[in-house]
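# Tertiary structure, described
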Amino acid sequence: MSQIDTSLRLLVIVASTRPGRLGPAVADWFIDATAARAKELGVTVDVADLAEIGLPLLDEPEHPAAGNYLHEHTRAWSRRVAAADAFLVVTPEYNFGMPASLKNALDYLYAEWAWKPVGFVSYGNTSAGTRAVQMAKQVVTTLRMVPIGATVALRLSEHVENAEVREDPTRTALAIDVLGELSRVAIALRQLRDRADSEPTPLDDARIAPVQPSDLAELLVLQRACWVQEAIVNDTLDIPALHESAEDVAEWTATWQVWCVRRHGRLVAAVRARANGTVLDIGRLMVAPDLAGRGLGSWLLAYAEAKAPKEITTFTLFTGARSDRNIALYQRSGYQLTDHGTDGVARLTKAA
């Protein structure tokens, strides 16, 4: 029996954005109070302070469920949320509800939230922020998030002094309970989440999904395997894909939309795309050598094209000048050679 992965990426979201807010201090308290337990559980914590992130009022032209984001601030928020396994929201209560900044941050995305647990640390006066939590739960459940039962509610007059949370063994124990429940539920939901995020492909038992941090090592190995043949055909080793490090791959996956195909647990194909004005650059189209010739490459290319934002008018891609097999595949998909041979590279374009 394979060992269950119990590691967890927790995103702590500081909801308040107003000057003089208490949110960062409460987040720091939670992280410090649970640090020892987090280490035992293998929890990695990332803090998303909405005041620092500065998302504007929702400004995406397409529905978040489409996943076609026009703005880089949305794509950056998407990557951060998608990388998380669970969320801890630190929120005050404003007029019996949650801050507008939190609602806005939730509304920006859709699939990235799904099938992940969310816990709350609230703070306030009379209700200790609990009415904000109740309002937030209505929203997060619509996004298919799973609110946990354990919570921490801090009444300002009792638990806060000089803009810091007072030491209190009871509250610390509650915080540890929240972390523990988040971990258990995240692990339980992982299989459901992996299935929900993926889509079918032409190959039996193969699924495509946005790249995850856990894909990077296999992605590096796959691209080296795929570009060995390109090096032979083009008689050169001066090909970036052959020399990139894991850090290089992590860097470009942060700025490109990347989709990976897995079959029987193995990463067998991938493609990336990035909008540049009205042009969509498509690249790193790779299929494991033992699966070449089965239509997966053409399907991946069409998949990337279908994900293009509405303003895209042209698709463009590059391959080796002597990569006749690649060039033929792209031409069958409607691409035309616009530069063949400059610096050993062939450029192809297609009207969207």
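### Focus: the overall build of the protein chain
- Regarding its fold elements, the protein chain presents 13 helices and 15 strands.
- Classification of the 352 residues of the protein chain by burial places 47% in the buried group.
- Partitioning the contacts of the protein chain with sequence separation of at least 6, the portion at a separation of at least 24 is 71%.
- For the protein chain, the exposed area adds up to about 17100 Å²; of that, 52% sits on carbon and sulfur atoms.

### Points about the nonpolar core
- Of all hydrophobic cores here, the largest spans 49 residues; its most connected members are Leu219, Ile282, Leu300, Leu301, Tyr330 and Tyr335.
- Per-element accounting of this core gives the leading share, seven residues, to helix α9 (residues 216–234).
- Tyr335 has contacts with Ile282, Leu301, Glu305, Phe315, Thr316, Leu317, Tyr330, Leu348, Thr349 and Lys350, leaving out every residue within four places of it along the chain.
- Membership of the second largest hydrophobic core comes to 29 residues, among which are Ala38, Leu41, Leu88 and Val165.

### Things to note about the side chain of Thr253
- Tracing the backbone shows Thr253 in helix α11 (residues 246–253).
- Within polar-contact distance, the side chain of Thr253 engages the backbone oxygen of Ala250 at 2.9 Å.
- Beyond its immediate sequence surroundings of up to four residues, Thr253 is in contact with Arg79, Val211, Leu216, Leu219 and Val258.

### Some words on the sheet that holds strand β11 (residues 266–276)
- Pairing is mixed across the open sheet formed by eight strands, whose spatial order is β8-β9-β10-β11-β12-β13-β15-β14. Pairing within the sheet leaves two strands with one partner each, and these edge strands are β8 (199–200) and β14 (336–340).
- Here strand β9 (residues 206–210) pairs with strand β10 (residues 257–263) via five bridges, running antiparallel. In the sheet register, Arg207 faces β10, and the bridge partner there is Arg262.
- The sheet contacts of helix α12 (residues 296–306) involve β8, β9, β10, β11, β12 (279–287), β13 (314–320) and β15 (345–351), and relative to β12 the element is tilted by about 155°.

### Details of helix α1 (residues 23–33)
- Of the positions making up α1, those classed as buried are Gly23, Val26, Ala27, Trp29, Phe30 and Ala33. The arc that holds the buried residues of α1, viewed along the axis, is 160°, so those residues lie on one side.

### A short note on the sheet that holds strand β5 (residues 146–155)
- Within the open sheet, the five strands sit side by side as β2-β1-β3-β4-β5. Their pairing is parallel. The sheet is open, and its two borders are formed by β2 (43–49) and β5, each paired with just one other strand. Across the sheet, the mean angle from the axis of one strand to that of its neighbour is 20°, orientation sign disregarded.
- Alignment of strand β1 (residues 8–14) against strand β3 (residues 86–92), held across five bridges, turns out to be parallel. Each bridged residue has a counterpart across the sheet, and for Ile13 the counterpart in β3 is Val89.

Calculation notes
Residues numbered from 1 in each chain as written. Predicted model: local features only at pLDDT ≥ 70, side-chain atom pairs only at ≥ 80, totals over all residues. Heavy atoms only, no water. Helix = DSSP H or I, 4+ residues; strand = E, 2+ residues; numbered from the N terminus. Buried < 20%, exposed > 50% of the residue type's maximum accessible area, 1.4 Å probe, protein only. Contact = heavy atoms within 4.5 Å. Areas by Shrake-Rupley, 256 points an atom, 1.4 Å probe, with all protein chains shown as cover. Core = buried A, V, L, I, M, F, W, Y, C linked by side-chain atoms within 4.5 Å. Polar contact = N/O pair within 3.5 Å; in protein donor to acceptor, adjacent residues only side chain to side chain. Pairing = 2+ DSSP bridges. Axes fitted to C-alpha atoms, helices over the stretch in contact; angles between N-to-C directions. Arc of directions from axis to C-beta.

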